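# Working through the structure, step by step
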Amino acid sequence: MMDIKLHTVLTLDNNQKYVVVAKTEYMGVSYDYLLQLAPNGITLRNKAAIVKEEKENNSVYVIQVNDENLLKTLAPLFESQLA
Amino acid sequence: MEQEEYLREEIQSYFDQLNLLSMQDNADLGRIDSVTVHIKELVEEYASVLSEKVEVEIQKIERRFAYTLEDELEKRRDILAIVQERDSKIRELFFNNGRRPKLKESLKPLFDSIEQEVTSYQSDVNLVEQQLDAIREADQKEEELNAEKKRCQTELNVLRSEQISYSRLDERIIAAYQRILTDNNIEQIDFPSLIEKKRILEKRQKQLLENLELARNAKNADNYRITYEARLERNKLDIDEIEEKNFLHLLNKMMQKKVSSYEELERRTKSIQTLVDARKAKVQKLYAEGVTVKEKYATVAEKINHSEITLALSSLIKIEELERQIAEIEEKLSHTRDHIKVKEELEEIFNKKAVDSGRTPGIPEIPPEPVQVKDDFVNQMIDPKDEELEEPIVSPTEEVNSAGETVMVGDTELTFEEDFSDFELLTPDQINADMVSRSQVLAVEEAQPGLLKKLFSGKLRKILSLALATVSLFISGTQVANAAEKEEAAENIINEENLDTSIQAYDENAVVDTIAANVEAIMKEKYAPSIGDKIQLNPGAALYTTSTNAVSGVQGYEASASGLSGTDLYVTRGAIIDQTGNPIYITTTHSVDINKVATDMGLVEGTYGIALGCSSGDMEGNFVEVPVDQLNPAVEKGWINSADPNIVVIEQLNKQLGQGGMSL
């Protein structure tokens, strides 16, 4: 099964590419701070995402985190890696 | 056209004229002389122009700081080459222009002067070469002497460990003697009465001999003869018994004699041996036909094992000899380099020479802390040949993606700055804006080196970090009750980030502008590392095994992978790596401000990188200063790039001290 690691580039099912700029674990769940890339896989785009990793039937999914409280919790965890 | 070139051509032109004048049927000697004189003047002017240039070049070379004698040799060789080149240029003027003995004669002082200068600079080269040869010889000699010293020292240590003290040895010998004395009741011998008894026996022996002589000469006196022969024999045995006791008495005296050194011990042993030998010879003569019971007394002293004394004494002599040899070697070692001139002495000689010849002595520029190149540690830093230092250059190609956009693929030459132009800011509303709520990950790949480089950029990380700081305010779907709460929350976050501008009223654009301004402010306030700074590494920090890799960003590994993230570390080393990937400066000196060193060295920002060696400190977590030329694996953990945004400064030494740190 695929493993999402820090600084790896993800290609999603909508063909968008994201790079993992920070990664953290909270309550036993992995969360990623993603930054969108152009299709060449190197040019940065002004789009980011905070996602939860989910593994299902040998597939890996990323699920957008919208919960404000969770975002407030996750933000400093990611920040500490970027500061 | 430079003056030098112009003059050369002019001289050649006059040489041609001279040739042509000589080829005339009626050569005009006066004109020939006049042209000759003019050529001489031009050659002197040409030499003068060249000399001025040479002098400038020499000054430049002299200002080069020589760290080692090899550097000094290189300087001297470079100077010699310049002077030789000038010599060649002047001599070349006369190639293919006839012999011109008269002209050459008139220029003799010039040639002599130049030749003298070449010789002088050649002697400088020779002088440095001689010192280097002498150093090599001294190295060889010292190696041999040290090997010999080591051999002596090893032998000495063995002898010393085996050696027993004379007092312990004496105790053992005395104990053996005592057994002999006790076994033979020697101490109970009454020596004065023995002397008296012997005197009587000897007197009686004299009488017995007289009577025996008479009996032998008398007729029919065999009975007398036999009787006196028997009595005489008895008398001899009695006397010998007294002598035996006398011998034992003397032996007793000798055995009881106190000693206080190996030498005295040896003398006593020899005296006993001499006494025993004498007694033994006498007994053997007296009892020539067989062994008598008395012989055991004569040989008893021999039964004492003297080998230990002999060994101890020979060891003692050997020890003294070895100590003398070691002292001699040390003395030689202290003088192996007496005849070698050190770099400073040579510089003094060269400066004096310059002054004597009317030149300004070249004063080398004040150098930074010397780079000590030694052992494997530095080798690994200065020999990055086998490592990939640069990203492979791939020519970009245009491709059309699935969305119909034309994109550049393989464009790894794009710099971050170029790419950054449209990535000045990531506003919170751009988080989760273009993302479907749930997506399947189809592929996970390693980021390309160019992308990785961007990800480690401090600017990008600040933008990403600040976007997070405000994400809870701006993210779509945020349930903030009212604008007042928003404002308060914004202020709190902004205060946490130490923004200079406070926001009086909520204005999304104003907040964004402030964030952007703050990004710029943070960018300006770069981390200025000093040796002794206490830092922590975030999990994303990259560690490297060499300083060059740290700066070029290749073959790194994550701090978290080695358990080093989140623990207190110290900056123990600082290395400045130039554009070619070579370390040009390294220090472990406490409180040295690396950025300041780079500035003092005249390095232009962007033309060098700084690698920092991290260590864990001692058992109590205190900073440990390490030698510059030797790794301390107990504390040293790896190199990091000083620009790595994952460095969290816990205590910045020079900031704490309120000063710029030590400069050079």
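In short, a report on the structure. This structure is a prediction, so every number in the text was calculated from the model and none was measured.

## Notes on the nonpolar core
With 39 residues, the main nonpolar core has B:Ile11, B:Ile39, B:Val43, B:Ile90 and B:Phe94 as its most contacted residues. Broken down by secondary-structure element, the contributors of at least two residues to this core are α1 (3–22), α2 (29–63), α3 (69–92), α5 (108–162) and α12 (343–356) of chain B. In contact with B:Val43, not counting residues within four places along its chain, are B:Ile11, B:Ile90, B:Leu93, B:Phe94, B:Leu107 and B:Leu110. A:Val21, A:Ala48, B:Ile431 and B:Leu464 belong to the second largest nonpolar core, which has 27 residues in total.

## Regarding the sheet that holds strand β2 (residues 17–26) of chain A
The strand order around the closed barrel formed by six strands is β1(A)-β2(A)-β3(A)-β4(A)-β5(A)-β3(B), and the pairing between neighbours is antiparallel. On average, each strand axis in the sheet is tilted by 45° relative to the strand beside it, whichever way the strands run. Two elements, strand β1 (residues 8–12) of chain A and strand β3 (residues 438–446) of chain B, share five bridges in a ladder whose sense is antiparallel. In the strand pairing of β3(B), A:Val9 is matched with B:Glu445. Helix α16 (residues 458–469) of chain B contacts β2, β3 (29–37) and β4 (44–56) of chain A of the sheet and is inclined by roughly 120° relative to β3(A).

## What to know about helix α9 (residues 262–286) of chain B
The end-to-end C-alpha distance of α9(B), which contains 25 residues, comes to 36 Å, matching closely the 36 Å that a straight helix rising 1.5 Å per residue would cover. Of the residues making up α9(B), those classed as buried are B:Tyr262, B:Leu265, B:Arg268, B:Thr269, B:Ile272, B:Leu275, B:Val276, B:Arg279 and B:Val283.

## Quick look at the environment of B:Ser271
Among the structural elements, B:Ser271 can be located in helix α9. Separated by 17 residues in sequence, B:Ser271 and B:Met254 have C-alpha atoms that sit 7.7 Å apart.

## So, the pattern of salt bridges
All names here are of chain B. Per the counting criterion, the structure on display carries 45 salt bridges over all chains. Between Glu243 and Lys198 there is a salt bridge, and its shortest N-O distance comes to 3.5 Å. One end of the pair, Glu243, is in helix α8 (residues 222–256); the other, Lys198, is in helix α7 (residues 191–217), and 45 residues separate them in sequence. In this structure, the salt-bridge partner of Asp568 is Lys534, at a minimum N-O distance of 3.9 Å. Of this pair, Asp568 sits in the loop between β6 (557–558) and β7 (569–578) while Lys534 is found in strand β4 (residues 534–537), placing the two residues 34 residues apart along the sequence. Three or more residues joined by partner-sharing salt bridges are found here, namely Glu2, Glu4, Arg8, Lys53, Glu85 and Lys89.

## Re a nonpolar patch on the surface
All names here are of chain A. Together, Tyr26, Met27 and Leu77 give the surface a local cluster of nonpolar side chains, amounting to about 300 Å² of exposed area. For Leu77, the location among the structural elements is in helix α1 (residues 68–82). A relative accessible area of 31% places Leu77 in the partly exposed class.

## Section: the packing of α1(A) against α16(B)
Packing of α1(A) against α16(B) leaves a shortest axis separation of 9 Å and a crossing angle of 165°. By the criterion of interaxial angle, the relationship of α1(A) to α16(B) is roughly antiparallel. Of the two elements, α1(A) crosses α16(B), and the hand of that crossing is left-handed. Of α16(B), the residues touching α1(A) (which contributes A:Ala75, A:Phe78, A:Glu79, A:Gln81 and A:Leu82) are B:Arg461, B:Leu464, B:Ser465, B:Leu468 and B:Ala469. Class assignment of the residues belonging to the contact of α1(A) with α16(B) gives a composition of six nonpolar, two polar and two charged.

## Here's the deal with the side chain of B:Glu636
All names here are of chain B. Looking at the secondary structure, you find Glu636 in strand β10 (residues 636–641). In this structure the side chain of Glu636 is engaged in a polar contact, spanning 2.5 Å, whose partner is the side chain of Arg573. A polar contact is formed between the side chain of Glu636 and the backbone nitrogen of Asn632, at a distance of 2.7 Å. Apart from residues lying up to four places away in sequence, Glu636 is in contact with Arg573, Cys614, Ser615, Val626, Gln630 and Leu631.

## A short note on the packing of aromatic side chains
Counted under the stated rule, the structure contains four aromatic pairs over all chains. With centroids separated by 5.7 Å and ring planes inclined at 35°, the aromatic side chains of A:Tyr33 and A:Phe78 adopt a geometry described as tilted. One end of the pair, A:Tyr33, is in strand β3; the other, A:Phe78, is in helix α1, with 45 residues separating them in the sequence. Judged on exposure class, the residue A:Tyr33 and its partner A:Phe78 are both buried. With centroids separated by 5.6 Å and ring planes inclined at 65°, the aromatic side chains of B:Phe94 and B:Phe111 adopt a geometry described as edge-to-face. A residue pair is termed long-range when its members are at least 10 positions apart, and B:Phe94 in the loop between α3 and α4 (101–106) and B:Phe111 in helix α5 qualify at 17 residues.

Thresholds applied
Residues numbered from 1 in each chain as written. Chains lettered and ligands numbered in written order. Predicted model: local features only at pLDDT ≥ 70, side-chain atom pairs only at ≥ 80, totals over all residues. Heavy atoms only, no water. Core = buried A, V, L, I, M, F, W, Y, C linked by side-chain atoms within 4.5 Å. Buried < 20%, exposed > 50% of the residue type's maximum accessible area, 1.4 Å probe, protein only. Helix = DSSP H or I, 4+ residues; strand = E, 2+ residues; numbered from the N terminus. Contact = heavy atoms within 4.5 Å. Pairing = 2+ DSSP bridges. Axes fitted to C-alpha atoms, helices over the stretch in contact; angles between N-to-C directions. Expected span 1.5 Å × (residues − 1). Salt bridge = Lys/Arg side-chain N within 4 Å of Asp/Glu carboxyl O. Patch = residues over 30% accessible without salt bridge, like charges linked within 9 Å, V, L, I, M, F, W, Y side chains within 5 Å. Areas by Shrake-Rupley, 256 points an atom, 1.4 Å probe, with all protein chains shown as cover. Parallel < 35°, antiparallel > 145°, perpendicular 65-115°, else oblique. Left-handed = near helix turned anticlockwise from the far one by under 90°. Nonpolar A, V, L, I, M, F, W, Y, C, P; charged D, E, K, R; others polar. Polar contact = N/O pair within 3.5 Å; in protein donor to acceptor, adjacent residues only side chain to side chain. Phe/Tyr/Trp six-rings, centres within 6.5 Å; stacked < 30°, edge-to-face > 60°.

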